[in-house]
Amino acid sequence: MAAPRILLIIGGGIAAYKAIELVRLLRKSGMVVRCVLTRAAEQFVTPLTLAALSENKVYTNLFDLKDEVEMGHIQLSREADLVVVAPATADLLARMAAGIADDLATTLLLATDKPVLAAPAMNVRMWLHPATRRNVATLRGDGVTVMEPDEGEMACGEYGPGRLPEPAAIKAAIDDALAHAPAPAPLTGQPDFAPADHRPLFGRRILITAGPTHEPIDPVRYIANRSSGKQGFAIAAAAAEAGAEVLLVAGPVPLPTPPGVIRIDVETAREMAVEVEQGLPVDAAIMVAAVADWRAADTASQKIKKDGSGAVPPLALAENPDILASVAKSAQRPPLLIGFAAETNDVIAHAEAKLARKGCDWIVANDVSADPMGGETNRLHIVSKAGVDSWDRLPKDAVARKLMEKIAHELETRAPLERD
Ligand SMILES: Cc1cc2nc3c(=O)[nH]c(=O)nc-3n(C[C@H](O)[C@H](O)[C@H](O)COP(=O)(O)O)c2cc1C
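Residues numbered from 1 in each chain as written. Predicted model: local features only at pLDDT ≥ 70, side-chain atom pairs only at ≥ 80, totals over all residues.

**A word on the overall build of the chain**
To keep things clear, this is the line we draw: The helix count covers DSSP runs of H or I at least four residues long, the strand count covers runs of E at least two residues long, and both are numbered beginning at the N terminus. Each residue is classified by how many other C-beta atoms fall within 10 Å of its C-beta atom, where C-beta atoms are placed from the backbone; a count of 20 or more means buried, 12 or fewer means exposed, and values in between mean partly exposed. Note on contacts: each residue gets a C-beta atom placed from the backbone, and two residues are in contact if those atoms are within 7 Å.
Helix and strand counts for the chain come out as 14 helices and 21 strands. Structurally, the chain occupies a C-alpha span of about 90 × 55 × 40 Å along its principal axes. Counting every position in the chain, which comprises 420 residues, the buried fraction comes to 39%. The long-range share in the chain, meaning contacts at least 24 apart out of those at least 6 apart in sequence, stands at 71%.

**Observations regarding unusual backbone geometry**
Residues apart from glycine generally show negative phi values, whereas peptide bonds are mostly found in trans. Here A86 and P87 are connected by a cis peptide whose omega angle stands at -5 degrees. Considering the arrangement of structural elements, one finds P87 in strand β3 (residues 82-88). In this structure, P281 follows L280 across a cis peptide bond, with omega equal to 0 degrees. Mapped onto the elements, P281 comes out in the loop between α11 (269-279) and β13 (284-287).

**Some details on the pairing of strand β2 (residues 32-37)**
Here is the rule we go by: Here a strand pair is declared whenever DSSP counts at least two bridges between the two strands.
Note: strand β1 (residues 5-10) against β2, six bridges, orientation parallel. What sits directly across from I9, in β2, is V36.

**Overview of the site of the ligand**
To keep it simple, the criterion reads: Near residues are defined by distance alone, with the backbone-placed C-beta atom required to lie within 6 Å of the molecule or strand. Side-chain classes are defined by residue name, with Ala, Val, Leu, Ile, Met, Phe, Trp, Tyr, Cys and Pro counting as nonpolar, Asp, Glu, Lys and Arg as charged, and the others, Gly among them, as polar.
Around the ligand, a shell composed of 15 residues is seen, among which G12, G13, T38, A40 and T89 lie nearest. Element by element, the count of residues in the shell around the ligand is highest for helix α5 (residues 90-98), at three residues. Grouping the constituent residues of the shell around the ligand by class yields nine nonpolar, five polar and one charged.

**Focus on the packing of helix α1 (residues 17-28) against helix α2 (residues 47-54)**
Let me state the cut-off plainly: The angle between two axes is taken between their N-to-C directions and runs from 0 to 180 degrees, where each axis is a line fitted to C-alpha atoms and a helix contributes only its stretch in contact. Small angles under 35 degrees read as roughly parallel and large ones over 145 as roughly antiparallel, with 65 to 115 read as roughly perpendicular and the rest as oblique. Each helix crossing is assigned a hand: it is left-handed if the near helix lies turned anticlockwise from the far helix by less than a right angle, otherwise right-handed if that turn is clockwise.
Taken N-terminus to C-terminus, the directions of α1 and α2 make an angle of 15 degrees; their axes are 9 Å apart at the nearest point. Looking at the two axes, α1 sits roughly parallel to α2. Here α1 and α2 pass one another in a crossing that is right-handed. Residue-level contacts link I20, V23, R24 and R27 of α1 to T49, L50, L53 and S54 of α2. Counted by class, the contact of α1 with α2 contains four nonpolar, two polar and two charged residues.

**A few points about helix α10 (residues 230-241)**
We count it as follows: Under the convention used throughout, the expected extent of a helix is 1.5 Å for every residue step, that is, one less than its residue count.
Here α10 is twelve residues long and its end C-alpha atoms lie 16 Å apart, about the 16 Å a rise of 1.5 Å per residue gives. Burial runs high along α10: twelve of the twelve residues are buried. Taken together, the buried positions of α10 are occupied by K230, Q231, G232, F233, A234, I235, A236, A237, A238, A239, A240 and E241. Those residues of α10 that are buried are in contact with β8 (205-210), β11 (245-250), β12 (261-265), β13, β18 (377-378) and α14 (396-411). Just downstream of α10, G243 is the residue with a positive phi angle, here 100 degrees.

**What about the domain arrangement of the chain?**
Accessible area lost upon the coming together of the parts is a frequently used measure of interface size. This is how the line gets drawn: The split into domains, and so the bounds of each, comes from an automatic or database assignment of domains.
Domain annotation of the chain identifies domain 1 (5-179) and domain 2 (199-300 + 316-411). One C-alpha centre belongs to domain 1, the other to domain 2, and the line joining them spans 44 Å.

**Focus on the sheet that holds β3**
Strand order in the open sheet formed by five strands is β2-β1-β3-β4-β5, and the pairing between neighbours is parallel. Looking at strand neighbours, the two that pair on one side only are β2 and β5 (145-146), the edges of this open sheet. Contacts from helix α6 (residues 104-111) reach β1, β2, β3 and β4 (116-120) within the one sheet, and its direction differs from that of β1 by about 135 degrees.

**Some points on the nonpolar core**
What counts is decided by this rule: For this analysis, nonpolar core means a set of buried Ala, Val, Leu, Ile, Met, Phe, Trp, Tyr and Cys residues linked through C-beta atoms within 7 Å.
In terms of nonpolar packing, the biggest core is built from 60 residues, with I206, I208, I235, A236, A239 and V246 touching the most fellow members. The element best represented in this core is α10, accounting for eight residues. Residues in contact with A236, not counting those within four places in the same chain, are I208, A210, V246, L248, P258 and V261. Core analysis: the second largest hydrophobic core is formed by 53 residues, A19, V36, A41 and L50 among them.

**Quick look at the sheet that holds strand β19 (residues 380-384)**
Spatial strand order, β12-β11-β8-β13-β16-β17-β19-β20: eight strands in an open sheet with mixed pairing. Edge positions in the sheet fall to β12 and β20 (387-390), since each of these pairs with one other strand and no more. If you compare each strand with its neighbour and ignore which way they point, the axes differ by 20 degrees on average. Against the sheet, α11 engages β8, β11 and β12, with an angle of about 165 degrees to β11. Docked against the sheet, helix α13 (residues 347-358) engages β16 (336-343), β17 (362-367), β19 and β20, running at close to 140 degrees with respect to β16.

**Let's talk about the environment of G162**
Tracing the sequence through the fold places G162 in strand β7 (residues 159-163). Taking the C-alpha atoms as reference, G162 lies 7.9 Å from G152; in sequence the two are ten residues apart. Setting aside anything within four residues of it in sequence, one finds G162 in contact with A121, M122, N123, V124, M126, W127, P149 and M154.

Dropping the structure here:
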């Protein structure tokens, strides 16, 4: 059986030092321990001590971007078998009972789908205060196991209940909780936050472009297309869920950034070309963006005005860089290069021609005649040298997950890129 995984949240109380002994006991019994310290806890114990004892990275800050890429806070809360709060301060109990999530510890506690065990420690008056009594009752009602604190002399000199139970007693409560832990209630249709290295694209870097580009004519007008960015963003989300490091170069669309995705916003095709080039090397590039073929040859620095004569101003066009073809020719060509093609007629024939012309590995052809860009579903044909794989019409997030499965399968036999 796999070693039980404990997420240990340490609150800022005088008894925090006992958490060190608890980590030692848990490690000795073969458990995997990840520690999270509240800001107050850092006043009592150091992350370094806990990292050394747990032999794992210690987490303190919710807004640590690097960790958010490597391990999202939701995943951190889900990959444990049990979440243990020790010492649980009066403050932590209050925030937990109220559903407050204003730091890493409480965010994890609100986001977890695993059982929670709290070992309180505080001054006797704090423990007996009606507010704490209410909070403990609420938490127990919510299914949290709140241990009774020990009774005795306190660090402050007072006497009564409020001392942290001994580490051995907390360990026994942990064993008991693990033995009786119910399976988490699944939320249907939700991504699976299995441990990162179990995910099919773990260790892979994937670049995705999405959305339209806007090509300015003057300061207030631009050439655009109807791309909504929804399919590209769904693909970025699915790639991140599958464990990949994802760089999303997005044209101007008002969509939220999917969790775990690094997003770079651009406006024009030329800006997108620069960001894509800088994003290489990657294991796979998926060019979903509907890049404008042409831009205004000259952008007016001031708004072009009607002069009342009825004369129409000339609009000369210049060709934009072909981003897909340039990536295909680049010295850093990704091992798997995928282009998208939105077509209104002869979808597969056009896709086959595009595959040969652009020098990519797959063209994902998208029939936009029946359901124009911006819809919620897609019917795709994956055209490659191996032939044509036609899928049923599916919601865009389902399309994205299916595409990730195919990409993971394709990359399976190739070693991940060497990284600095
Ligand atoms: C020296 C000292 C000892 C403290 N010990 C405790 C304690 O044992 N239990 C407790 O609930 N609060 C204790 N506090 C107060 C907490 O540190 C304070 O409520 C803090 O906001 C808790 O933050 P946290 O819940 O995010 O860890 C202590 C404060 C100080 C200065």
